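Secondary and tertiary structure notes
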Amino acid sequence: MTISFDEWRARSPFYDETHEAVAQSVRKFMAAEVLPNIDKWEADGELPRELHKKAAQAGILGLNYPEEYGGHSEGFDVFHGLTQTEEMSAAGAGGLGASLMTHGIGLPPILALGSDEMKRRIAPPVLAGEKLISLAITEPSGGSDVAQLKTRAEKVGNKYVVNGQKMFITTGMRADYMTVAVRTGGPGMKGISLMLIETDRPGVSRTRLDKMGWRCSDTAAVYFDNVEVPPENMIGPENGGFIGIMRNFNSERLGMAHGCCSMARVALKEAMDWAQQRETFGKKLGAHQSIRIKLADCARQIQATQAWVDLCAHQHRSGTGVPADYAMLKVQATRMLEHVVREAAQVLGGASYITGSKIERIYREVRVNAIGGGSEEIMLDLAGRQMGLG
């Protein structure tokens with residue numbers, strides 16, 4: 001029996017025919033534009049800019065963004081976004097979603113806190129795929145400890161002058177705009193602001209970083225050397241950026257958790273297909289009890305994690321979610337992915353170690369999910385503190 005990796009949605013109370021319509025649309029885009037080219041893009045180390053325009057025309061970039069800026073939000077919710085993530089995961093390349101959808105973390109702070117002028121200036125070309133925007137928070141001196149960031153924006157006359165460095169910035173080489181966390185005040189979270197910086201400003205430079213996984217997603221170290229930025233590029237109030245960063249993290253972690261479930265299903269399906277075709281010791285690999293137990297246990301862990309993802313998505317939609325839940329969910333999802341891909345690799349055996357299998361690619365991307373968006377240790381500590389400990 002052959003199963004589709006996404007057929008579980010038909011049995012979920014959170015998804016209906018509108019979500020299936022989104023799935024069909026994204027599936028068509030993937031078949032035409034992505035699947036024939038993903039191996040080349042992985043080798044190239046980046047996506048072609050033209051893909052962003054095609055994704056915009058297909059309605060992918062604008063899903064759940066305001067109509068007035070070129071998006072489409074009427075009748076759509078967080079579960080339509082999760083459905084889109086699921087279908088994009090079919091390529092088994094996490095860098096695709098990370099890079100093609102970088103505006104998902106770079107643009108929301110502008111829409112939530114930016115001026116009307118900034119929204120009108122930035123959002124339409126980004127949602128049309130004409131301009132790319134990334135989020136620049138992490139620094140060489142620390143990642144998850146955002147409150148200690150060092151990149152500084154000093155007010156000099158009628159402008160800000162920015163100096164500092166950002167590290168591991170997704171779409172950092174190709175981005176036209178960056179939503180940058182800078183220090184405008186004293187130490188700690190109360191001295192942090194968010195600022196829009198155009199990457200063609202004098203003093204902005206970038207260095208490409210090579211990586212273990214997410215190969216088709218360009219990643220950069222970004223340097224700011226006396227970069228002059230006008231005050232109208234401030235996103236929200238000065239020294240009020242930390243709340244915007246934290247609010248952004250909740251949706252990012254929810255999306256990452258669902259992406260882990262999707263990638264785990266891709267790996268499980270490849271392992272199941274292999275087990276139904278491969279013969280060992282006179283029978284199908286899947287007919288061995290040990291293999292059946294291994295794959296069934298993987299399915300158990302995926303379904304349990306997906307149930308928590310959907311609960312958190314429901315709470316996100318209703319405004320009842322709490323940061324600790326998103327933090328613990330991310331840990332659950334990344335640990336689940338690590339286990340499932342390990343077991344799937346065991347089923348494929350040597351074939352899983354050869355470039356070309358989705359499992360090989362996904363295995364290399366486990367760590368970026370466990371570290372990016374908040375490491376396991378920081379996530380669990382955050383949850384513990386919100387539980388009243390410490």
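Right above here is the structure, for reference.
So, here's what we can say about the structure. Every value quoted in this text rests on a predicted model; they were computed, and no experiment measured them.

1. Looking at the pattern of salt bridges
Taken as a whole, this structure holds 26 salt bridges when the rule is applied. The residue glutamate 20 makes a salt bridge to arginine 9 at a minimum N-O spacing of 3.8 Å. Placement of the pair is glutamate 20 in helix H1 (residues 17-34) and arginine 9 in the segment before H1, with a sequence separation of eleven residues. Connected through salt bridges with shared partners, the residues Arg9, Glu20, Arg27 and Glu87 form a single ionic network.

2. Quick notes on the packing of helix H4 (residues 78-88) against helix H10 (residues 289-318)
In the contact formed by H4 and H10, the axes pass within 9 Å of each other and the chain directions differ by 140 degrees. Judged by the inter-axis angle, H4 sits oblique to H10. Of the residues in H10, those in contact with Val78, Phe79 and Leu82 of H4 are Val309, Asp310, Ala313, His314, His316 and Arg317.

3. Looking at the nonpolar core
Among the nonpolar cores identified, the biggest contains 40 residues, and Leu254, Leu337 and Ile359 are the most heavily contacted of them. Within the residue set of this core, elements represented by two or more residues are H4, helix H9 (241-277), H10, helix H11 (323-348) and helix H12 (358-364). Among all residues touching leucine 337, those that are not within four sequence positions of it are Cys260, Met263, Ala264, Ile362, Val366 and Asn369. With 25 residues, the next largest nonpolar core counts Ile110, Ala123, Val126 and Ile192 among its residues.

4. With respect to the packing of aromatic side chains
Describing an aromatic ring pair means giving the distance of the ring centres and the angle of the ring planes. For the structure on display, the rule yields three aromatic pairs. Arranged with centres 5.0 Å apart and planes meeting at 10 degrees, the rings of phenylalanine 14 and phenylalanine 79 form a pair that is stacked. Here the residue phenylalanine 14 occupies a position in the segment before H1, and phenylalanine 79 occupies one in helix H4, the gap between them amounting to 65 residues. With 5.4 Å between their ring centres and 85 degrees between their planes, tyrosine 15 and phenylalanine 79 make a pair best called edge-to-face. With tyrosine 15 in the segment before H1 and phenylalanine 79 in helix H4, this residue pair connects regions lying 64 residues apart in the sequence. For tyrosine 15, a relative accessible area of 9% puts it in the buried group. Taking the relative accessible area as the measure of exposure, phenylalanine 79 reaches 0% and is therefore buried. The structure contains a cluster of three or more aromatic residues connected by ring pairs, namely Trp8, Phe14, Tyr15 and Phe79. Above the face of the tyrosine 160 ring, lysine 155 is positioned so that its terminal group lies 5.3 Å from the ring centre.

5. What about H4?
Among the eleven residues in H4, nine count as buried, and that is most of the element. The set of residues buried in H4 consists of Val78, Phe79, His80, Leu82, Thr83, Gln84, Glu86, Glu87 and Met88. Close packing links the buried residues of H4 with H1, helix H5 (94-100), H9 and H10. The distance from a side-chain oxygen at the start of H4 to the backbone nitrogen of phenylalanine 79 is 2.9 Å, and the residue carrying that oxygen is aspartate 77.

6. Considerations on unusual backbone geometry
For asparagine 239, which is not glycine, the phi dihedral falls at a positive 70 degrees. Within the secondary structure, asparagine 239 is located in the loop between strand S8 (234-235) and H9. Even without being glycine, phenylalanine 281 reaches a positive phi, approximately 50 degrees. When you line up the elements, phenylalanine 281 lands in the loop between strand S9 (279-280) and strand S10 (283-284). You can call phenylalanine 281 exposed: its relative accessible area is 81%.

7. A word on the pairing of strand S2 (residues 152-156)
Of the pairings in the sheet, the one linking S2 to strand S3 (residues 159-170) comprises five bridges and is antiparallel in character. Note on S3: the bridge partner recorded for lysine 155 is tyrosine 160. Between S2 and S3, which follow one another and run antiparallel, lie two residues, and glycine 157 among them has a positive phi close to 65 degrees.

8. A short note on the environment of isoleucine 122
Looking at the element boundaries, isoleucine 122 is found in helix H8 (residues 116-127). For the pair isoleucine 122 and isoleucine 293, spaced 171 residues apart in the sequence, the C-alpha separation amounts to 51 Å. Those residues in contact with isoleucine 122 that sit more than four places away from it in its chain are Leu107, Ile110, Ile133, Tyr177 and Leu196.

Procedures and definitions
Residues numbered from 1 in each chain as written. Predicted model: local features only at pLDDT ≥ 70, side-chain atom pairs only at ≥ 80, totals over all residues. Heavy atoms only, no water. Salt bridge = Lys/Arg side-chain N within 4 Å of Asp/Glu carboxyl O. Helix = DSSP H or I, 4+ residues; strand = E, 2+ residues; numbered from the N terminus. Axes fitted to C-alpha atoms, helices over the stretch in contact; angles between N-to-C directions. Parallel < 35°, antiparallel > 145°, perpendicular 65-115°, else oblique. Contact = heavy atoms within 4.5 Å. Core = buried A, V, L, I, M, F, W, Y, C linked by side-chain atoms within 4.5 Å. Buried < 20%, exposed > 50% of the residue type's maximum accessible area, 1.4 Å probe, protein only. Phe/Tyr/Trp six-rings, centres within 6.5 Å; stacked < 30°, edge-to-face > 60°. Lys NZ or Arg CZ within 6 Å of the ring centre and 35° of its normal. Polar contact = N/O pair within 3.5 Å; in protein donor to acceptor, adjacent residues only side chain to side chain. Pairing = 2+ DSSP bridges.

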